[in-house]
Amino acid sequence: NTTRIPNRPYAMSQTQVTQALYRAVMGKNPSDFKGDNLPVEKVSWEDGIAFCNALSEKLGLIPVYRGTNNDCQLIEGANGFRLPFEAEWELAAKGGQNFRFAGSDNLDEVGWYGGGPFGGGGTVKNNSTQSVGQLKANGYGLHDMSGNVWEWCADDYSNPGQHRPGASRRAFRGGSWYRGADDCG
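Definitions and limits used
Residues numbered from 1 in each chain as written. Predicted model: local features only at pLDDT ≥ 70, side-chain atom pairs only at ≥ 80, totals over all residues. Heavy atoms only, no water. Helix = DSSP H or I, 4+ residues; strand = E, 2+ residues; numbered from the N terminus. Rg over C-alpha atoms; globule rule 2.2 N^0.38 Å. Buried < 20%, exposed > 50% of the residue type's maximum accessible area, 1.4 Å probe, protein only. Areas by Shrake-Rupley, 256 points an atom, 1.4 Å probe, with all protein chains shown as cover. Lys, Arg positive; Asp, Glu negative; His and termini not counted. Charge placed at Lys NZ, Arg CZ, Asp CG, Glu CD. Core = buried A, V, L, I, M, F, W, Y, C linked by side-chain atoms within 4.5 Å. Contact = heavy atoms within 4.5 Å. Phe/Tyr/Trp six-rings, centres within 6.5 Å; stacked < 30°, edge-to-face > 60°. Lys NZ or Arg CZ within 6 Å of the ring centre and 35° of its normal.

Peer 1: Summarise the overall build of the protein chain; cite the residues concerned and give the values.
Peer 2: Summing up its helical and strand segments, the protein chain has four helices and eight strands in all. Each helix and strand of the protein chain, placed in order from N terminus to C terminus, yields the pattern β-β-α-α-β-β-α-α-β-β-β-β. The C-alpha radius of gyration of the protein chain comes to 16 Å, within 12% of the 16 Å expected for a compact globule of 185 residues. Projecting the C-alpha coordinates of the protein chain onto the three principal axes gives extents of approximately 45 × 35 × 30 Å. Burial statistics for the protein chain: of 185 residues in total, 44% are counted as buried. Accessible area of the protein chain: about 9400 Å², with a carbon and sulfur share of 47%. Taking the average place of the 18 positive charges on the side chains of the protein chain and the average place of its 20 negative ones, the gap between the two points comes to 2 Å.

Written out as structure tokens, the structure is:
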């Protein structure tokens, strides 16, 4: 399920990509923590691009990327799936609200996070990722944008707002089941 972001020309998935969806589209599951409703993890930026193109083709849409490696190019006018730009991700995470985290000032209500490298605190159970969509959604109905697994963005990390073929690093947002609360805001 997707949610259209108000007054913007894009939509976002209501949850992180589940292992069941990733396996149905890609025919494999690279995740360490197994479970159909867990978010897929252990995917590179290039894996994300390949998934977007494969899902687009599966649904009869025009893939957004020419190629599936770090040198891929955006295809103008394509109607398929793509990674959000960091600013788009940020706007969607805010959900039309003014909270510290995606949907609340209380991270425990909206995010799966751990104690970080120094331990202590956090909402994570069993020291692993958690099933998507269990916690409170933000104002746009999006879940898990604070914590659980990091989310890739289209941007060149060093040049926000740009999808630059061959970038040495890519932007990612949202925090992680393993990291502390400071990484989720």
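Peer 1: Describe the nonpolar core, with residues and values.
Peer 2: With 12 residues, the main nonpolar core is built from Ile-5, Tyr-10, Met-12, Trp-89, Ala-92, Ala-93, Ala-102, Tyr-140, Leu-142, Met-145, Cys-153 and Ala-171. Per element, the largest residue contribution to this core is three residues, and it comes from helix α3 (residues 86-94). Once residues within four sequence positions are removed from consideration, Met-12 is found in contact with Asn-1, Thr-2, Thr-3, Ile-5, Pro-84, Trp-89, Ala-92, Leu-142 and Met-145. By size, the runner-up hydrophobic cluster in this structure holds nine residues, among which are Trp-45, Ile-49, Cys-72 and Phe-85.

Peer 1: Which residues make up the packing of aromatic side chains, and what values do they have?
Peer 2: For the structure shown, the criterion picks out five aromatic pairs. Pairing Phe-33 with Trp-177 gives two aromatic rings, centres 5.1 Å apart and planes at 85 degrees, and the pair type is edge-to-face. Taken as a pair, Phe-33 in the loop between α1 (19-26) and α2 (45-58) and Trp-177 in the segment after β8 (170-173) lie far apart in primary sequence, 144 residues in all. Phe-33 gets classed as partly exposed once you look at its relative accessible area, which sits at 24%. Centre to centre, the rings of Trp-177 and Tyr-178 are 5.7 Å apart; their planes meet at 65 degrees, and the pair counts as edge-to-face. Judged by its relative accessible area of 41%, Tyr-178 falls in the partly exposed class. Members of the aromatic cluster, joined through ring pairs, are Phe-33, Trp-177 and Tyr-178. Geometry around Tyr-157 places Arg-169 over its ring, the cationic atom sitting 3.8 Å from the centre. Between the NZ or CZ atom of Arg-170 and the centre of the ring of Trp-45, over which it lies, the distance is 3.8 Å.

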